[in-house]
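Here are the chains, one letter per residue:
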Amino acid sequence: MKKTFILLALFTLFALSYSCKKNPDNWSTIKSLHKTYKNGEISECTLDGEKVYHCALNAYDAGSSIYNAEGDLIGSCNYAWGTPDSICSQLENCVVIYRIKDNIWGQSSIDKYDLGEN
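Rules used throughout
- Residues numbered from 1 in each chain as written.
- Predicted model: local features only at pLDDT ≥ 70, side-chain atom pairs only at ≥ 80, totals over all residues.
- Heavy atoms only, no water.
- Helix = DSSP H or I, 4+ residues; strand = E, 2+ residues; numbered from the N terminus.
- Buried < 20%, exposed > 50% of the residue type's maximum accessible area, 1.4 Å probe, protein only.
- Contact = heavy atoms within 4.5 Å.
- Areas by Shrake-Rupley, 256 points an atom, 1.4 Å probe, with all protein chains shown as cover.
- pLDDT = per-residue confidence, 0-100.
- Patch = residues over 30% accessible without salt bridge, like charges linked within 9 Å, V, L, I, M, F, W, Y side chains within 5 Å.
- Salt bridge = Lys/Arg side-chain N within 4 Å of Asp/Glu carboxyl O.
- Lys, Arg positive; Asp, Glu negative; His and termini not counted.
- Charge placed at Lys NZ, Arg CZ, Asp CG, Glu CD.
- Disulfide = S-S within 2.5 Å.

On a plain count of helices and strands, the protein comes out with 2 helices and 6 strands. Sequence-ordered secondary structure for the protein, helices as α and strands as β, is α-α-β-β-β-β-β-β. Each of the 118 residues in the protein was classed as buried or not, and the buried ones make up 33%. Long-range pairs, those at least 24 residues apart, make up 43% of the contacts in the protein with a sequence separation of at least 6. Within the structure as shown, the protein displays about 8,200 Å² of accessible surface, and the carbon and sulfur contribution to it stands at 55%.

This is the structure:
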């Protein structure tokens, strides 16, 4: 009986720890970007080995912006209104972490960090 209780307790702890999502390193930056781009898309990318965020609003001709890990704007990628910054073509390993449902890109919604709940 004691072994069963211990096994059940360990299993419960494992299940709880597995089901809880750990916040990413730049959680405050991601939450701040979500406030601006909750009607759009946010991707985590790398630029020269550093994590950056590529963000776009869900609007035609809105362009996109690149932010560093601290949330500072470091580039503008608006192809409709002039020449985009050179870093726009240097982003690597981009992974979408948030995308609104029913977007203009026709892509599925994504909310990797449950930002829509915050």
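With that out of the way, let us pick up the confidence of the model for the protein. With 79% of its residues at a pLDDT of at least 70, the protein reaches an overall mean of 85. The low-confidence segment residues 12-19 (pLDDT under 50) makes 0 contacts with residues lying over four places distant or belonging to another chain.

The subject of this paragraph is a negative patch on the surface. Negative charge collects at one region of the surface, where Asp48, Glu50, Glu70, Asp72 and Glu92 lie side by side. Inspection of the secondary structure puts Glu50 in strand β2 (residues 50-57). Overall, the relative accessible area of 54% leaves Glu50 in the exposed class.

Attention now moves to the state of the cysteines. Taken as a whole and judged by the stated rule, the model has 2 disulfides. In this model, Cys45 is linked to Cys94 through a disulfide, with the two sulfur atoms separated by 2.0 Å. Residues Cys45 and Cys94 are joined by a disulfide whose S-S torsion is about 115°; by sign, that bridge is right-handed. Pair noted here: Cys45 is in strand β1 (residues 40-47) and Cys94 is in strand β5 (residues 92-99), with a separation of 49 residues, a long-range link. Judged by its relative accessible area of 2%, Cys45 falls in the buried class. Within the protein, bonded cysteines paired by disulfides and numbered along the sequence follow the pattern 1-4, 2-3. In this structure Cys55 is a free cysteine whose sulfur lies 8.9 Å from that of Cys45, the closest cysteine sulfur available. When its relative accessible area of 1% is taken as the criterion, Cys55 is described as buried.

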